[in-house]
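Now for the letters of each chain:
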Amino acid sequence: MSPNEMEAEVHFMKTYRIMEKEKLTKLKNDRKTLNQKIKLGLATREEFLKQIKTELNMLDTCQLKIEQELKENNTDHLNTEILTILSNRINDMYTNMFHLFPVLKTSLSEYIEFCSNNILFITKCSIVLDTLMLRYHDDPEVYLTAATYAFDDRNDIESARRYFAEGLKYHKNCKNLYVEEFWVEVQHLEKTEGASLPIAIGKYRSLIKRFEGDIEFHFILLDRAIKLSAVRELQCNVVRDMVKKYRHSELMWQKLAKIHFDGFIYHQETEQLHYDKNYINGIRNCIKTYEDGLKENLPLQNKHKLWNFYIDHVIEIRKSYRMKKETIRNFMNETMERAFQEAHDNKALCKAGQYIYWANNTIQDYDKIMRNAVEVIKDDVDIWINLISCYLNYDSLEMVIATFQDGVRALKSKSMPLWAILIVYLGNTHPKLLQQLYHEGSHYPFPEINFIIRPQYLEWNAVHNGILSTRELFIKLRDIKPECKQLYMSMISFEQYQNTGGIKLRNIRKLYNDVCNTFGDTDIDVWTECIRFEYMNGCHKLVKIIFKASLQCLEKDLRSSMIEEFEKLKKEFMEYDPKDDEGVIVINDDE
C-alpha cells in the first residue's frame, strides 16, 4: 500500500472500531513479514493463502460496517475508499501468488469468485487472466475455469475462445476441454440467434474429424447440442452425421431412439430434425427406431444387445408417468407383447428380470413364460423361485416336485432357496414326504445345501420322534462328509434338554470332545463353548485341562486369541471358580 492508503486504512479501522490496536499492529507485522519473504523468495503458497484469507475477512467486516452505517444514519455519503484499498491489495496478492507458484484450479476459482463479488472495486481481473492464460498450466481445468468465467460472467466470447485455444495447445488430447469449448459455442449460437452458426459448425466439424470413430464422443457433442432450442441446424448436422457414420452400431440406434423419446424427431428420408412436444409421438418414434435398427444387417451379438436396449426401454416407458392415457397404454401393451415374444424367439431375451417382468404383465399364462425363461437361463435362482411359486399357487404337487427337481439339477450348489420352499410346502401339506426330502437334502453332494439341511433334519426329528431316534439319526448324519459343525452343536442343544443326569453330561461331554477334535485346530468358539459348559454344568477341574488342550490343538496364530477368550470366561464365572487346592474332585458321570 502507499502511505496514503495505509493512513486511510488505519483511520477507518480506528473510526469504526473494526480492529483493536494490538490486532492492527499484528496485521501490519504479518504483512511486512510476508513482503520480506516474497522479496527473498522464501514465501510459500500456504502463507499467501493464509494472508489472503485474513484480508478477505477484513474486507467482509468493512463492507458490513459500511452497510450498517449507511442504514443507521440514513445517508448515502460515506467514504468507501477502504473497500477499494483492500480489494486491490487482495488482487495484488493473488497476482503475485499466481506468478510465483503453479496455478491451481481451486485458487483460480476462488480468485474469480472474489473478482465477481467486488466488481465495483476490481478492474484488473481480465488483465490478470489474459496474462495467466498465456502460460502453461499442468491442469487443463485451469483454462476451462478461466474460459467459463469469461463467457458466463463477462459475456466475452473472444477471451473464452483464446483461453480454450491456449489450453488445447498444451493439452491436445483433453476431451473435456474440447467438449466445453464446443458447449460455449452452442450457447453463443443461442445468444446470437444463429449468427455464429458457421463458427459453431466449423468447430463441430473439426472435432468429429479429430475424434473420428469415437461414437461416445459424438454422443457427448449431441447431448450438448440438444440442450438448447435455437440451434436446430447444428443439432441436425450432429444427428445426421451420427446416423450416417454409425448406422451399423447398436449404440447409435439406442441413442437415436432416446432422442426421439425426448421429442427430437429425425426423418431419415429428408435428413431433417424437428422438435415435437407431443410425448405420444415421441414414444411412437422411439419404438419405431428400435424396430428399424433391428431390421439392419447388424452382427448377431450386436443385434442381441439392441434387443436388450429395446426391451429395457419398453419396461422403462411402461413404468413412467406417460402411461396415464389409455391410448398410449394400449399401444405399449401391444408393443410389449410383440417385442418380448420376438426377442425370445430370436434368443435375445437373456435377463431374468425381463422374463419376470413379461410374465407379470402379459395376457399369456404366467407359467408358460417362466418355463421359456428356465429353458433360456437355466442357472438363475429368481426364475426358478418364480416358477415353483406359480405351481405352489396352483397347489399342484406333481408340478411343484417336477419343477423342484429340474431346478435343483440346474442350480446345483445355488439351489438352497428351492429346498427351503419345498420344505415349508411339504411340512404344511404333505408331511409324510418331508422326511424323504430331508434325507435327500442331507446327502445332496454340495455342502452349501447339506450343511443347512442336516441340522434342520435333526431338529425336525427331535420334535417328531424323540431323543433316542435323534441320537441314531445324528450318527448317520455325522458320518456324511464333510463334517458339519452345526450338526454337533444342534445335537448338544437337544441333549441339554434331557433330564437324565449323568447320562446327559456324559453324552454332551462326548459330543464336545468330538467337535473339538474335529474343528478345534481352526475354531476358537468350539473350545470356549466346551469350557463354558464345564463351568456351568460339569467339572471345574476340567476347565484348565480343556484350555491346555486347546492351546496344543489350535494353530499358532489363534492361540493368543484363545488366551484372551479364556481370560474373559474366567472373569465371567469368577463366582463359580473354586480356589486351587488339592481336594478330591468327584465327577459323577465318569466311567
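For the structure itself, look to the data block above.
Figured I'd write up the structure that's included with this text. (Residues numbered from 1 in each chain as written. Predicted model: local features only at pLDDT ≥ 70, side-chain atom pairs only at ≥ 80, totals over all residues. Heavy atoms only, no water.)

## Considering the overall build of the chain
Consideration 1: Each helix and strand counted, the chain has 28 helices and two strands in total.
Consideration 2: Since a compact globule built from 591 residues should have a radius of gyration of about 25 Å, the 40 Å found for the chain marks it as more spread out than a globular shape.
Consideration 3: In terms of principal-axis extent, the alpha carbons of the chain reach across some 105 × 80 × 50 Å.
Consideration 4: In the chain, buried positions account for 45% of the 591 residues.
Consideration 5: Total accessible area on the chain stands at roughly 32,000 Å², and carbon and sulfur atoms take up 51% of it.
Consideration 6: One way to put it: in the chain the 81 positive side-chain charges average out to a point 3 Å from where the 89 negative ones average out. (Helix = DSSP H or I, 4+ residues; strand = E, 2+ residues; numbered from the N terminus. Rg over C-alpha atoms; globule rule 2.2 N^0.38 Å. Buried < 20%, exposed > 50% of the residue type's maximum accessible area, 1.4 Å probe, protein only. Areas by Shrake-Rupley, 256 points an atom, 1.4 Å probe, with all protein chains shown as cover. Lys, Arg positive; Asp, Glu negative; His and termini not counted. Charge placed at Lys NZ, Arg CZ, Asp CG, Glu CD.)

## What to know about the pairing of strand β2 (residues 272-275)
Consideration 1: Pairing analysis gives four bridges linking strand β1 (residues 264-267) to β2, with the strands arranged antiparallel. When the sheet's bridge partners are listed, Y266 is paired in β2 with L273.
Consideration 2: Between β1 and β2, which pair antiparallel in sequence order, lie four residues; one of them, E271, sits at a positive phi of approximately 60°. (Pairing = 2+ DSSP bridges.)

## Regarding unusual backbone geometry
Consideration 1: Note the cis peptide between K481 and P482, where omega equals -5°.
Consideration 2: For E271, which is not a glycine, the phi torsion comes out positive at approximately 60°.
Consideration 3: Following the sequence through the fold, E271 ends up in the loop between β1 and β2.
Consideration 4: Backbone geometry places D395, a non-glycine residue, at a positive phi of 55°.
Consideration 5: Following the sequence through the fold, D395 ends up in the loop between α19 (381-394) and α20 (397-411).

## So, helix α10 (residues 197-210)
Working note: α-helix, 3.6 residues per turn, so residues spaced by three or four point in the same direction.
Consideration 1: Look at α10: 20 Å from first C-alpha to last across 14 residues, which is about the 20 Å you get at 1.5 Å a residue.
Consideration 2: All of the buried residues along α10 are L197, A200, I201, Y204, L207 and I208. Viewed along the axis of α10, the buried residues span an arc of 125°, placing them on a single side of the element. Opposite the packed face of α10, turned more than 90 degrees from it, sit the exposed residues P198 and K209.
Consideration 3: On its buried face, α10 is in contact with α9 (175-191), α11 (215-225) and α12 (232-245). (Expected span 1.5 Å × (residues − 1). Arc of directions from axis to C-beta. Contact = heavy atoms within 4.5 Å.)

## Focus: helix α2 (residues 21-40)
Consideration 1: In a regular helix each residue adds 1.5 Å, so 20 residues correspond to 28 Å; α2 covers 29 Å between its end C-alpha atoms and thus fits that length.
Consideration 2: For α2, every residue scored as buried is listed here: L24, L27, R31 and L34. Along the axis of α2, the buried positions cluster into a sector of 90°, meaning they face one direction only. Exposed residues on α2 whose side chains face more than 90 degrees from its buried face are K21, E22, K26, K32, K39 and L40.
Consideration 3: Buried positions along α2 lie against α1 (3-15), α3 (45-73) and α4 (81-100).

## Examining the side chain of R45
Consideration 1: With respect to the element layout, R45 can be found in helix α3.
Consideration 2: At 2.9 Å, the side chain of R45 forms a polar contact with the backbone oxygen of P102.
Consideration 3: If we skip the residues at most four places from it in the chain, R45 touches M97, F101, P102 and L104. (Polar contact = N/O pair within 3.5 Å; in protein donor to acceptor, adjacent residues only side chain to side chain.)

## Observations concerning the pattern of salt bridges
Consideration 1: The full count for this structure, using the stated rule, is 33 salt bridges.
Consideration 2: Notably, a salt bridge pairs R532 with E572, separated by 2.6 Å at the nearest N-O pair. Taken together, the residues span a long stretch of sequence, with R532 in helix α26 (residues 524-536) and E572 in helix α28 (residues 556-572) at a distance of 40 residues.
Consideration 3: Classification of R532 as partly exposed rests on a relative accessible area of 26%.
Consideration 4: Residues joined in a network through salt bridges with shared partners are E9, R31, E55 and R89. (Salt bridge = Lys/Arg side-chain N within 4 Å of Asp/Glu carboxyl O.)

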